[in-house]
Amino acid sequence: MDRHIAQLASTTGRRRSLSDPLAVALQPPPNESPEQRQTRLQAEEDAKRRSDRIDRMLKESQKEQQRKKIVKVLLLGQSESGKSTTLKQFMLLHSPVKFNAERLAWRFVIYLNLVRSIRRILEAIAPEQDGDDTDDLDSTETASIVVIGGRPSSAVSGWITAYDSYRRRLAPLLDLEQRLIQLLSDPEDNEEREATHLPRGQSSQGSYASGGYAAVSPPTSPPLSASLSTSLPARPTPRITIPHGSYTSHPSPVALSPGHEVAIHQRSNWKKALGVMSRNQSPKSAHTNEIHGWWEDPHDPVHLMNRCAPTMTELWRDPKVLQRLAERRLRLEESSGFYLNEIDRVTAKMYFPTDADVLKARLKTTGVVEHSFALAKNSEFRGGVEWKIYDVGGARPQRQAWAPYFDDVNAIIFLAPISSFDQVLAEDPRVNRLDDSLQLWQAVVTNPLLQKVNIILFLNKCDLLKRKLESGVRLNHYMTSYRDRPNDYETVSNYFRLKFGAMHHSYTPNKARECYIHFTCVTDTRNTQTIISSVRDFILTGNLRSSSLM
Ligand SMILES: Nc1nc2c(ncn2[C@@H]2O[C@H](COP(=O)(O)OP(=O)(O)OP(=O)(O)O)[C@@H](O)[C@H]2O)c(=O)[nH]1
Ligand SMILES: [Mg+2]
């Protein structure tokens, strides 16, 4: 009996004691014939093989579970739609240490954004010269200038007496602008210096029909389907550009052409370099008087910013200037990188950018920027999950860089800034921004390469939409299909949700795919982080079960 049990254990590979009822049940009959024994041993061998195979599969699956999952998310949308801001929110939530390490580097971008606003005001209040076409400013300007009517009246073309004084007192800021660009660029990089003197014409092509923002001509750039072609060229080197007027030492700000762009290579790792530089100069001890900071470096831009702060404030509060801005329909409050209401705080010697400041800072992306972070291990993914978020440049010339990322992406977050219904593209002033967003959305949801990819739509800049509607700007002036529906935020935002949702429904090649739509203001951290958490969980545990991830 003992021998028989030992034999059973050796053939099945499992030891069972006599008290094991299963082992007792499996004992061979006492009067087993040699044929019966042969059949039994054969059956046991087959069972062992099956059992071993199951063990192997279980081990494999365990290993698979312990391996790190990689989730790839692509942020898409036109320029200034809020992609990089969404990426910053992901960093704030999941890589706060990195976000903090880079915080000080954003100080320079914030200065640059502020200087750019000052330049725009100076350009707007400059006396008009003979043959000066006031529409030139609008036609080459980015979406941050909001045009809400027709041409300015001829009554506004008078001199502003204080203009000369402002121009003289603020002239050093225009020099600083150039210095900031150099700070943010790699000084060794020849291409960089070239790029800071971009030739005219990139953004000034096309003509502007006065007051004609509602009736938008078809775009001249390649069709979206072509720019989102399914061919997969090599992935480009990431770069970042700062949009602003090209620098010139010409004494008249009117001659400074807005809308031109300055290229900053991300290769130079400006955030890290400047962040480290600033950290080295941070207070040595909070408990002693031994404080050394960037503000002690006489060459730091903070000094000039600080010295010019009273004049900047005076300019921004001057009723004549404000009147002139209103006449020229410049709504700087709604523009990217707006810090004019916080001049004193932002130019203070020991200024340390807050989360909100960093989220508001505007740097145009060119190429593709990747950010990775790991999610904590959980019961489902014991190896943890690595997220890779790709932030692309949204301007038209940048869009051909998107396609190489389509083949292995798990989810797309598409941003459509719905406040932009009365704005035009910086790269083609004949194209209405909302029309462009809708065309882009259609191209993305139609793309067969993306048919299994989860799509989440952020109808973004809801705060600006609300403000704009409340200030009396009417949607049906720009979108005739809106007809005479109420012009309030609830009705308008719901209209956009239905419009974008219906487009997905009609054009998606995968009718089973659902499109998740959120109303967002991605500069609002609390609201966005709640949305990001739910989007993250949805991507991870939702549809990915049916895709390759799980
Ligand atoms: N008020 C407001 N500002 C926003 C919102 N989303 C983004 N912004 C601002 O809009 C500007 C442009 O945002 P970005 O995130 O740089 O836009 P982007 O899509 O990355 O643009 P490109 O890099 O040119 O493709 C930034 O100054 C943001 O702070 C929003 O919901 N509300
Ligand atoms: Mg960007």
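Above this text is the structure in question.
Calculation notes
Residues numbered from 1 in each chain as written. Chains lettered and ligands numbered in written order. Predicted model: local features only at pLDDT ≥ 70, side-chain atom pairs only at ≥ 80, totals over all residues. Heavy atoms only, no water. Core = buried A, V, L, I, M, F, W, Y, C linked by side-chain atoms within 4.5 Å. Buried < 20%, exposed > 50% of the residue type's maximum accessible area, 1.4 Å probe, protein only. Helix = DSSP H or I, 4+ residues; strand = E, 2+ residues; numbered from the N terminus. Contact = heavy atoms within 4.5 Å. Donors = N, O, S within 2.8 Å, 3.2 Å for Na, K, Ca; no water. Disulfide = S-S within 2.5 Å. Salt bridge = Lys/Arg side-chain N within 4 Å of Asp/Glu carboxyl O. Near = heavy atom within 4 Å. Polar contact = N/O pair within 3.5 Å; in protein donor to acceptor, adjacent residues only side chain to side chain. Areas by Shrake-Rupley, 256 points an atom, 1.4 Å probe, with all protein chains shown as cover. Arc of directions from axis to C-beta. Phe/Tyr/Trp six-rings, centres within 6.5 Å; stacked < 30°, edge-to-face > 60°. Lys NZ or Arg CZ within 6 Å of the ring centre and 35° of its normal. Pairing = 2+ DSSP bridges. Axes fitted to C-alpha atoms, helices over the stretch in contact; angles between N-to-C directions. Expected span 1.5 Å × (residues − 1). Parallel < 35°, antiparallel > 145°, perpendicular 65-115°, else oblique. Nonpolar A, V, L, I, M, F, W, Y, C, P; charged D, E, K, R; others polar.

So what exactly am I meant to see when it comes to the nonpolar core here?
The tendency in soluble globular proteins is for nonpolar side chains to be buried side by side. Ranked by internal contacts, the top residues of the largest apolar core, which has 49 residues, are Ile121, Leu173, Met312 and Leu340. Going through the elements one at a time, α4 (83-94), α6 (106-125), α8 (163-184), α12 (302-317), α13 (319-327), α14 (343-346) and α15 (355-360) are the ones with two or more residues in this core. Sort the elements by how many residues they give to this core and α6 lands first, with 13 residues. If we ignore the near neighbours within four places in the chain, the residues touching leucine 173 are Val115, Ile118, Leu304, Met305, Cys308 and Met312. Val392, Phe414, Tyr495 and Met503 belong to the second-largest nonpolar core, a separate cluster that totals 41 residues.

Whenever I open this one, the coordination of the magnesium ion (ligand 2) confuses me. Can you help?
Geometrically, a metal with four donors at the corners of a regular tetrahedron has ideal angles of 109.5 degrees, and one with six donors at the corners of a regular octahedron has ideal angles of 90 or 180 degrees. Here the magnesium ion (ligand 2) is held by Ser84 (OG) and Thr365 (OG1), and the distances to it run 2.0 to 2.2 Å. Of this pair, serine 84 sits in helix α4 while threonine 365 sits in strand β4 (residues 364-366); the two residues are 281 residues apart in sequence, bridging distant segments of the chain. A residue is classified by how much of its surface remains accessible, and threonine 365, at 8% relative accessible area, is buried.

So what exactly am I meant to see when it comes to the state of the cysteines here?
Put plainly, a disulfide is one covalent bond tying together the sulfur atoms of two cysteines. What the rule picks out here adds up to zero disulfides. Cysteine 462 forms no disulfide, and the closest cysteine sulfur to it belongs to cysteine 521, at a distance of 7.6 Å.

Would you explain the pattern of salt bridges in this entry?
Close approach of charged atoms allows side chains with opposite charge to pair. This structure, assessed with the given rule, holds 23 salt bridges. One salt bridge in this structure joins glutamate 342 and lysine 360, with 2.9 Å as the shortest N-O distance. One end of the pair, glutamate 342, is in the loop between α13 and α14; the other, lysine 360, is in helix α15, with 18 residues separating them in the sequence. Judged by relative accessible area, which is 29%, lysine 360 ranks as partly exposed.

When you look at the site of ligand 1 in this model, what are you seeing that I'm missing?
Ligand 1 sits among 25 residues. The nearest are Ser79, Lys83, Thr85, Arg362 and Gly394. A distance of 2.8 Å is found between an oxygen atom of ligand 1 and a backbone nitrogen or oxygen belonging to leucine 359. One of the backbone N or O atoms of valine 522 is found 3.1 Å from an oxygen atom in ligand 1. Here ligand 1 has 660 Å² of accessible area as a free molecule, and 95% of this is covered by the chains. Taken together, the elements giving at least two residues each to the shell around ligand 1 come down to α4, α15, β4 and α17 (462-470). In terms of residue count, α4 provides more of the shell around ligand 1 than any other element does, three residues in total.

When you look at α13 in this model, what are you seeing that I'm missing?
Think of an α-helix as turning once every 3.6 residues; residues three or four places apart then point the same way. Burial in α13 covers these residues: Val321, Arg324 and Leu325. For α13, the angular spread of the buried residues around the axis is 100°, confining them to a single face. Exposed residues on α13 whose side chains face more than 90 degrees from its buried face are Pro319 and Ala326. You can read the cap of α13 off the contacts: a side-chain oxygen lies 2.8 Å from the backbone nitrogen of lysine 320, and it is on aspartate 318. Looking one or two residues beyond α13, the residue adopting positive phi is arginine 329, at roughly 55°.

Sorry if this is basic, but what is going on with the packing of aromatic side chains here?
Geometry of an aromatic ring pair is reported as the spacing of the ring centres plus the angle between the planes. What the rule picks out here adds up to 11 aromatic pairs. Consider the rings of phenylalanine 373 and tryptophan 387, whose centres lie 6.0 Å apart with planes at 5°: the pair is stacked. Highlighted residues: phenylalanine 373 in strand β5 (residues 368-375) and tryptophan 387 in strand β6 (residues 385-392), separated in sequence by 14 residues. Accessibility expressed as a relative area gives 5% for phenylalanine 373, which makes it buried. Put simply, the rings of Phe90, Phe373 and Trp387 touch in pairs and so form one group of aromatic residues. In this arrangement the basic side chain of arginine 107 is found over the ring face of phenylalanine 108, its NZ or CZ atom lying 4.6 Å from the centre. Here lysine 468 stacks its cationic end above the ring of phenylalanine 421, 5.6 Å away from the centre of that ring.

Help me understand the sheet that holds β6 in this model?
The strands making up a sheet associate through hydrogen bonds between their backbones, and the pairing can be parallel or antiparallel. One open sheet holds the six strands; their spatial order is β5-β6-β1-β7-β8-β9, and the pairing between them is mixed. Only two strands of the sheet have a single neighbouring strand rather than two, namely β5 and β9 (515-519). Pairs of neighbouring strands in the sheet enclose a mean axial angle of 20°, with direction left out of account. Sheet topology note: the strand β1 (residues 69-76)/strand β7 (residues 411-417) ladder contains four bridges and is parallel. Residue pairing in the sheet places leucine 76 in a bridge with phenylalanine 414 of β7. Contacting β1, β5, β6, β7 and β8 (454-460), α4 runs over the sheet at an angle of about 155° to β6.

For this particular structure, what's the right way to read helix α16 (residues 433-446)?
An ideal rise of 1.5 Å per residue puts 20 Å on 14 residues; α16 measures up with 20 Å between its terminal C-alpha atoms. Taking burial as the measure, the 14 residues of α16 include 10 buried ones, the bulk of the element. Three or more residues of α16 are buried, namely Arg433, Leu434, Asp436, Ser437, Leu438, Leu440, Trp441, Ala443, Val444 and Val445. Residue asparagine 432 occupies the N-cap position of α16, its side-chain oxygen lying 2.7 Å from the main-chain nitrogen of leucine 434.

What is the right way to look at unusual backbone geometry in this model?
The phi torsion of most residues other than glycine is negative, and most of the peptide bonds are trans. Phi at arginine 329 is positive, roughly 55°, even though this residue is not glycine. As for its placement among the helices and strands, arginine 329 is situated in the loop between α13 and α14. According to the relative accessible area criterion, arginine 329 is buried, its value standing at 9%. Backbone geometry places arginine 483, a non-glycine residue, at a positive phi of 50°.

Help me understand the packing of α6 against α13, please; the structure alone is not making it clear to me.
Two measures define how a pair of helices packs: the angle their axes make with one another and the distance between the axes. Axis separation between α6 and α13 bottoms out at 9 Å; the angle between their running directions is 80°. Between α6 and α13, the angle falls in the class roughly perpendicular. Where α6 abuts α13, its residues Ile121, Ala124 and Ile125 lie against Val321, Arg324 and Leu325. For the contact of α6 with α13, the per-class residue count stands at five nonpolar, no polar and one charged.

None of the figures reported here should be taken as evidence of function without further support.
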